[in-house]
Amino acid sequence: MTVSVLLADDHQLVRIGFRVILEMEDDITVVGEAADGAQAVEMALRLRPDVVLMDVEMPGVDGLEATRRITAEGGPSVLILTTFDRDDYLFAALRAGASGFLLKNGTPEALTEAVRVIAAGEALLAPAVTRRVISTFTTPDTAGVRLDQLTPREHEVLVLLAGGATNAEIATTLRLGETTVKTHVSRVLMKIGARDRTQAVVLAYELGVVRPGG
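If you're wondering where the values come from, they're calculated on a predicted model, not measured in any experiment. (Residues numbered from 1 in each chain as written. Predicted model: local features only at pLDDT ≥ 70, side-chain atom pairs only at ≥ 80, totals over all residues. Heavy atoms only, no water.)

A. Just the overall build of the protein chain, in detail. Along the protein chain, the regular secondary structure elements total 10 helices and 5 strands. Among the 214 residues that make up the protein chain, the fraction classed as buried is 45%. When contacts within the protein chain are restricted to residue pairs at least 6 apart in sequence, those whose partners lie at least 24 apart make up 66%. Counting every atom, the protein chain has about 10,200 Å² of accessible surface; 52% of that belongs to carbon and sulfur. (Helix = DSSP H or I, 4+ residues; strand = E, 2+ residues; numbered from the N terminus. Buried < 20%, exposed > 50% of the residue type's maximum accessible area, 1.4 Å probe, protein only. Contact = heavy atoms within 4.5 Å. Areas by Shrake-Rupley, 256 points an atom, 1.4 Å probe, with all protein chains shown as cover.)

Here it is as structure tokens:
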């Protein structure tokens, strides 16, 4: 399966560099380039790529607002790619619905792997970073979320999700098949009202299912 990607960055040289890196891979293709957030929203909803690589600081509509608009319309998954290692950007990106957050000073291998992970429906969140951000910036907004709706097995799945585990890793830890894990994950998301795995991680910390540093 080929992963289609939309690049959103206001620097043309940056977009060219990302295109070269991504299109060296047989299973990744770049379907478009946007120079600002407004273009990114329009192209994401029109082209329906698998992943949008989104810069944060762009003129007009910035990357965070563009991410919010794309996810609100049920658009593709968004991977924030920025120069700035700022906790407020990271947390705002998660709140906006981004599925991942990556720094531009990473390796080409990290970028291509991140695209594949996001395209597969996983969240790209390093556990240590997630704990630091949620510990510092989270304001609980968990009204109506009831953990007692979760079965013991679903609670275990939520804990592992919060630790950044993939479906395969959850399956190995709990000695379950991946199909069964996918079913559990879907039920967990539905019961706690999470839009996706990323939001489930945020809610897990806010609800005290896991704790920073724990």
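B. Structural detail: the sheet that holds strand β3 (residues 51-54). In spatial order, the strands read β2-β1-β3-β4-β5; together these 5 strands make up an open sheet with parallel pairing. With one partner strand each, in any of the chains shown, β2 (28-34) and β5 (100-103) form the two edges of the open sheet. Geometrically, the sheet is characterised by an average inter-axis angle of 25 degrees between neighbouring strands, direction not taken into account. Pairing geometry for strand β1 (residues 3-8) and β3, over 4 bridges, is parallel. Directly across from Leu7, in β3, lies its bridge partner Leu53. Helix-sheet contacts for helix α1 (residues 12-23) involve β1, β2, β3 and β4 (77-82), and the interaxial angle to β2 is about 165 degrees. (Pairing = 2+ DSSP bridges. Axes fitted to C-alpha atoms, helices over the stretch in contact; angles between N-to-C directions.)

C. Quick look at the packing of helix α8 (residues 167-174) against helix α9 (residues 178-192). Interaxial distance between α8 and α9 falls to 9 Å at its minimum, and their mutual angle equals 105 degrees. Between α8 and α9, the angle falls in the class roughly perpendicular. Residues Asn167, Ala168, Ile170 and Ala171 of α8 form the contact with α9, whose own contacting residues are Glu178, Val181, Lys182 and Val185. Among the residues making up the contact of α8 with α9, the classes are represented as 5 nonpolar, 1 polar and 2 charged. (Parallel < 35°, antiparallel > 145°, perpendicular 65-115°, else oblique. Nonpolar A, V, L, I, M, F, W, Y, C, P; charged D, E, K, R; others polar.)

D. Representation of the pairing of β1 in the model. Counting buried residues along β1, 6 of its 6 residues qualify, which places the element largely inside the surrounding structure. Along β1, one buried face is formed by Val3, Val5 and Leu7 and the opposite face, lined by Ser4, Leu6 and Ala8, is buried too. Looking at chain direction, β1 and β2 are connected through 6 bridges and run parallel. By the bridge assignment for β2, Leu7 is matched with Glu33. Note that the unit made of β1, α1 and β2 has a crossover that is right-handed. (Right-handed = clockwise from strand over helix to strand, strands pointing away.)

E. Main features of a nonpolar patch on the surface. On the surface, a nonpolar cluster with roughly 450 Å² of combined accessible area is contributed by Leu13, Ile16, Val20 and Met24. Tracing the chain through its elements places Ile16 in helix α1. (Patch = residues over 30% accessible without salt bridge, like charges linked within 9 Å, V, L, I, M, F, W, Y side chains within 5 Å. Salt bridge = Lys/Arg side-chain N within 4 Å of Asp/Glu carboxyl O.)

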